[in-house]
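Fold and contact review
These are the residues of each chain, in order.
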Amino acid sequence: MTTDNTRSLISLEKKLSPSPVMNILVPVISVFLALLTGAIFLALTGKDPIQVYSVMFNGAFGTKYGLTESIVKAIPLLLAGLGLAVAFRMQLWNIGGEGQIYMGAFGATWLALLLPDQPAWVVLPAMMLAGAAAGGLWAVIPAIPRAYLGVNEIITTLMLNYVAILWVDYLVYGPWKDPAGYNFPITPSFSESAILPTFGDTRIHAGLLIGIVLAIIIYLIIFRTKFGYEIRVIGESPGAARYAGMNISRKIIVVMLISGAVCGLAGMAELSGVTHRLQQGFSPGYGYTAIIVAWLTRLNPLGIIIAALLFGGMQVGGFAVQMNGVPAAVVSMLQGGLLFFVLGGEILMRYRVSINSCRGDDKA
Amino acid sequence: MQELLLKMKQITKKFPGVLANDNIKLSVKPGEIHMLLGENGSGKSTLMNILAGLYKPDIGEMYIKGSKVNFKSPRDAINAGVGMVHQHFKLVDNFTVAENIILGSAGTKLKLNAAQAEQDIKLLASKYGLAVDPAAKIWQLSVGEKQRVEILKALYKGSDLLILDEPTAVLTPQETRELFQNLRQMAQDGRGIVVITHKLQEVMDIADRVTVLRAGKAVATLNRDEITEKDLAWLMVGRDVVFQQQKFASQFGVKVLELNEVQAMNDNSRPALQGVTMDVKEGEIFGIAGVAGNGQRELAEVITGMRTCSSGSIYLDNKKITNLSPQKIIRQGVSHVPEDRMGTGLIPKLGSVDNIMLKGYRNSYARGPFLDYKKASADTDKLVSDFNIKLYDPSAPVSLLSGGNLQKLLLAREMSLKPLLLVAVYPVRGLDVGATETVHRLLLEQRARGTAILLISEDLDEIFKLSDRVGVIFEGQINGIINTEHADLEEIGLLMMGAKQTGDMPQ
């Protein structure tokens, strides 16, 4: 009688369909596991994880100031997350959100500096248009070779980020530098009419409304319109799209234009609502964090509102723990952990993990 | 008593939602050809993949020449003398025949003795009549020759038990006969041969014994003298099968589709269609027969606008449609059941309603820029009941449907467009007998309604059963057009291999 049993202890079996419970459960568990991993690192460095987390949470959501600041940080993440989700829905890997934010900021600044004396109802719409156009066109540059030659957009969009950031650097160090700015790499402040209105005495600005309205519009476009239907079909199955007579190349360009335009709006809103001028490094990587925001919700535009708030809170909480001697980099670590567990969670959605008992079953 | 080459006991293998193999028993004697007969999805391939070491059974034991084996990988199976010839060949295109055969079995020596290997292979090949040049590169070979290389590979590794998964699917009738002769010779040498098939005729032709699988269970093992076609069909399907579907005479009308000297490239920019001239009339099913890879796919794509026609012209209802966009061609009344139903004909991850809208979302389901989901749902419900599709949730991904239901959903959509022309490519590939009958009935109904149908199939029986005329495609040309009433299997087989048509065929 042989007792060797070659079945592995853990095996993955394909599941028929992800259950709706899992759709909610996986992101929640991912957040929990990311916190747990972070806790282990904190404990290893001699910090009390529970204390750090509670400082973080209180810093982010516990006070009125913290909460409003979290919302302020959430706005660019919300806008950029929405922009990226549109492209990701079509399996276009736009990693260029950061560059498109910078170009959107560039476009908006140009208009703000060009029209210093116009009323707000002229300047703000003009800045939004210019920001969206600059971000959108920046995304069209990699879209064209992708559409007609199949050039990998991951690389090209990523590379263009550096170009966009350096372009803004050039402007703020060079031609657009504020003569009264003590040589800081900043442009002059915008005029009153180039600044988005805020809510009460908080720093929360009208960009939040733009983001929420856009989230609803994008949701409706994706799930209720012909255009959104085409995006979903092309994303899921390019072969079926071609078979149904969809023009994929043209759609790639249009979708990248929209994606970049919404990211561009994120840049415009950040400048017009928060910094009130173009300055070097005004975005601490919103375009990259937005990738995680979009994926955490499985590209659901309405879910992005909540995910953006969570990530905005993490940024603010990160500042809060810095006071306690914990490096703010802990936030980057948590974000990385989150993405890791969300992607890992995908496996749980599509597969059933079965743990095999080792009982011998041969009765020969 | 003769020692069994293979004994499998209580083999059980579960996949989520299906019991692919349920307590299966199978034995193979040296010197016999054992057929494994069953419909698609009956568990034949799972069982053989277990035997070849690709899957591990959940429960069950295997004995080879009396000793128990427990395969951890295909290599264990090969070492135990089990050789498998897969349906899709696993050969390196840029290597020679000899290099492919010794691949993985050259031992630990650094230097290959190519000349010696070629010599060995030549001997082995001539012994069993498997004519193939060891120095030829794989890409130069025909499908039949590639299959011989796969068989030689198994023999070279010393397999006494040879498994062939649906080996005749890609062969002409003549090549099939030759293969069967070769297999018989190998069996006479004391090897055991297992052939997987779903074709009753093949069992009648060469089986020494047959094991019939149905829904994961081995329902019977019969000896040569116990086999009748009727019993086998009954065992395989679990009910009586009507073999001939009545084809009513149809009044052919005007030419709906006309191709004139059409040429097109394949995906590798090599010529795939080299001057196809043919026509399909109203109310006619025109079958395209041919060995796979002779331009069938390109023909369907060039007609439906998915591939560029490099020269020649295509007319639909006397209007030129050459190189119009797929969208325009769809609008002119061309429906298409593509070869790849998942991923081309249907979108696997979207629901049935979204899939039903695929062709009509621009017009019949559009309200301005928005989609009319209410109308699409109502239409889906109606098609589901008209076509008898088993569907539990219209919003669940269609990838959860069985092959037969998928194809019915696809046909339902394409037929609901009331096409002038229906291009159906391998419409029953992978379907079980029941679903095949349904698809055939639907095609005949469509023909009775006056639709011109271009039927591309690899199954000659299917073509004979349904078509009014058959065009044989060979190397991108229609090598001959035969009226099915006068058709002769032998002649079509010759045309499939490139022989020129002799005499005037009545059209």
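Residues numbered from 1 in each chain as written. Chains lettered and ligands numbered in written order. Predicted model: local features only at pLDDT ≥ 70, side-chain atom pairs only at ≥ 80, totals over all residues.

Describing the overall build of chain B
The secondary structure content of chain B amounts to 16 helices and 22 strands. A globule of 507 residues ought to have a C-alpha radius of gyration of about 23 Å, and chain B, at 24 Å, matches this closely. When the backbone C-alpha atoms are referred to their principal axes, chain B occupies close to 70 × 50 × 45 Å. Considering chain B as a whole, with its 507 residues, one finds that 46% of them fall into the buried category. (Helix = DSSP H or I, 4+ residues; strand = E, 2+ residues; numbered from the N terminus. Rg over C-alpha atoms; globule rule 2.2 N^0.38 Å. Buried ≥ 20, exposed ≤ 12 C-beta atoms within 10 Å, placed from the backbone.)

As for the overall build of chain A
Summing up its helical and strand segments, chain A has 13 helices and two strands in all. Seen along its three principal axes, the alpha-carbon backbone of chain A occupies a region of about 95 × 60 × 35 Å. Taken over 364 residues, chain A has a buried fraction of 46%. Partitioning the intrachain contacts of chain A with sequence separation of at least 6 by distance along the chain shows that 79% fall at a separation of at least 24. (Contact = placed C-beta atoms within 7 Å.)

Structural notes on helix 4 (residues 114-128) of chain B
All names here are of chain B. In this model helix 4 runs 21 Å from its N-terminal to its C-terminal C-alpha over 15 residues, within 8% of the 21 Å that 1.5 Å per residue would give. Regarding helix 4, the residues found buried are Ala 117, Ile 121 and Ala 125. In an axial view of helix 4, the angular spread of the buried residues amounts to 65°, which keeps them on one side of the axis. Within helix 4, the exposed residues directed more than 90 degrees away from the buried face are Ala 115, Gln 116, Leu 123, Ser 126 and Lys 127. Close packing links the buried residues of helix 4 with helix 3 (97-102) and helix 5 (143-156). Looking one or two residues past helix 4, Gly 129 carries a phi angle of roughly 70°, positive in sign. (Expected span 1.5 Å × (residues − 1). Arc of directions from axis to C-beta.)

Overview of the environment of Gly 471 of chain B
All names here are of chain B. As for its placement among the helices and strands, Gly 471 is situated in strand 21 (residues 469-474). Overall, the presence of 26 C-beta atoms within 10 Å leaves Gly 471 in the buried class. Taking the C-alpha atoms as reference points, Gly 471 and His 34, 437 residues apart in sequence, are found 35 Å from one another. Excluding its chain neighbours within four sequence positions, the residues that come into contact with Gly 471 are Met 278, Phe 286, Ile 288, Ile 478 and Ile 481.

Considerations on the environment of Glu 150 of chain B
Residue and element names in this part refer to chain B. One can find Glu 150 in helix 5. We classify Glu 150 as buried; it has 21 C-beta atoms within 10 Å. As a C-alpha pair, Glu 150 and Leu 358 span 208 residues in sequence and 41 Å in three-dimensional space. Apart from residues lying up to four places away in sequence, Glu 150 is in contact with Val 85 and Phe 89.

Details of the sheet that holds strand 15 (residues 319-320) of chain B
Residues and elements named next belong to chain B. Strand order in the open sheet made by the four strands is 12-11-14-15, with antiparallel pairing throughout. Each edge of the open sheet carries a strand with a single partner, namely strand 12 (271-281) and strand 15. Sheet analysis places strand 14 (residues 311-316) next to strand 15, joined by two bridges and oriented antiparallel. Residue Leu 316 lies in a different strand from strand 15, and its bridge partner there is Lys 319. (Pairing = 2+ DSSP bridges.)

Considering the sheet that holds strand 7 (residues 161-165) of chain B
Residue and element names in this part refer to chain B. If you trace the six strands from one edge of the open sheet to the other, you get 6-7-8-3-9-10, paired in mixed fashion. Either end of the sheet is taken by a strand with one partner, and the two such strands are strand 6 (82-85) and strand 10 (217-223). Sheet twist, expressed as the mean angle between neighbouring strand axes with direction ignored, is 20°. Across the sheet, helix 8 (residues 229-237) lies against strand 3 (33-37), strand 9 (209-214) and strand 10, angled at about 30° from strand 9, the strand it touches most. (Axes fitted to C-alpha atoms, helices over the stretch in contact; angles between N-to-C directions.)

A word on the pairing of strand 21 of chain B
Residues and elements named next belong to chain B. Counting buried positions over the six residues of strand 21 gives five, a clear majority of the element. Judged from the four bridges that link them, strand 13 (residues 285-289) and strand 21 form a sheet pairing that is parallel. Opposite Ile 288, over in strand 21, you have Gly 471 as the bridge partner. Bridge analysis of strand 21 against strand 22 (residues 477-483) gives six bridges, and the strand direction is antiparallel. Residue Phe 474 lies in a different strand from strand 22, and its bridge partner there is Gln 477. Count of turn residues in the strand 21/strand 22 antiparallel hairpin: two residues, of which Glu 475 carries a positive phi of about 45°.

Quick word on the domain arrangement of chain B
Residues and elements named next belong to chain B. For chain B, the assigned domains are domain 1 (6-237), domain 2 (243-333 + 419-507) and domain 3 (350-418). Between domain 2 and domain 3, the C-alpha centre-to-centre distance is 26 Å. Facing the 13 residues of domain 2 at the interface are 10 residues of domain 3. Among the elements that take part in the side of domain 2 that touches domain 3, helix 14 (residues 433-448) stands out by supplying six residues, more than any other. Taken together, the residues that form the side of domain 2 that touches domain 3 break down as eight nonpolar, four polar and one charged. (Domains from an automatic or database assignment. Nonpolar A, V, L, I, M, F, W, Y, C, P; charged D, E, K, R; others polar.)

Quick word on the pairing of strand 12 of chain B
Residue and element names in this part refer to chain B. Two elements, strand 11 (residues 255-265) and strand 12, share eight bridges in a ladder whose sense is antiparallel. Looking across to strand 12, one finds that Met 265 is bridged to Pro 271. The antiparallel hairpin formed by strand 11 and strand 12 contains five residues in its connecting segment, where Ser 269 sits at a positive phi of about 60°.

Brief notes about the environment of Arg 224 of chain B
Residues and elements named next belong to chain B. On the secondary structure map, Arg 224 appears in the loop between strand 10 and helix 8. A count of 14 C-beta atoms within 10 Å places Arg 224 in the partly exposed class. Taking the C-alpha atoms as reference, Arg 224 lies 4.9 Å from Asp 208; in sequence the two are 16 residues apart. Non-local contacts of Arg 224, meaning those with residues more than four positions away in its chain, are made with Ala 207, Asp 208 and Arg 209.

Quick notes on the confidence of the model for chain A
The predicted coordinates ought not to be read in detail in places where the model reports low pLDDT. With 90% of its residues at a pLDDT of 70 or more, chain A shows a mean pLDDT of 88. Here residues 1-8 of chain A is modelled with pLDDT under 50, and outside its nearest four sequence neighbours on either side it reaches 13 contacts, counting other chains as well. (pLDDT = per-residue confidence, 0-100.)

Observations regarding the packing of helix 3 (residues 64-89) of chain A against helix 7 (residues 207-224) of chain A
Helices that pack against each other are described as a pair by the angle of their axes relative to one another and the distance between those axes. Residues and elements named next belong to chain A. Relative orientation of the contacting elements helix 3 and helix 7 amounts to 20°, with a least axis distance of 9 Å. Viewed along their axes, helix 3 and helix 7 adopt a mutual orientation that is roughly parallel. Read as a crossing pair, helix 3 and helix 7 show a hand that is left-handed. Across the interface between the two elements, Ile 71, Ile 75, Leu 78, Leu 79, Leu 82, Val 86 and Arg 89 of helix 3 pack against Gly 207, Leu 208, Gly 211, Leu 214, Ala 215, Ile 218 and Ile 222 of helix 7. Grouping the constituent residues of the contact of helix 3 with helix 7 by class yields 11 nonpolar, two polar and one charged. (Parallel < 35°, antiparallel > 145°, perpendicular 65-115°, else oblique. Left-handed = near helix turned anticlockwise from the far one by under 90°.)

Some thoughts on unusual backbone geometry
Residue and element names in this part refer to chain B. If you check the backbone angles, Ala 215 has positive phi at about 50° while not being a glycine. Here Ala 215 lies in the loop between strand 9 and strand 10. Its 15 C-beta neighbours within 10 Å are what place Ala 215 among the partly exposed residues. Residues other than glycine seldom take positive phi values, yet Glu 475 does so here, at roughly 45°. Positionally, Glu 475 belongs in the loop between strand 21 and strand 22. Looking at Glu 475, the number of C-beta atoms within 10 Å reads 15, which means it is partly exposed.

Section: the packing of helix 7 of chain A against helix 8 (residues 226-236) of chain A
Residues and elements named next belong to chain A. The contact between helix 7 and helix 8 brings their axes to 5 Å, and the two run at 70°. In this view, helix 7 runs roughly perpendicular relative to helix 8, as classed from their interaxial angle. Between helix 7 and helix 8, the residues in contact are Ile 221, Ile 222, Phe 223 and Arg 224 and Phe 227, Gly 228, Ile 231 and Arg 232, respectively. The residue inventory of the contact of helix 7 with helix 8, partitioned by class, reads five nonpolar, one polar and two charged.

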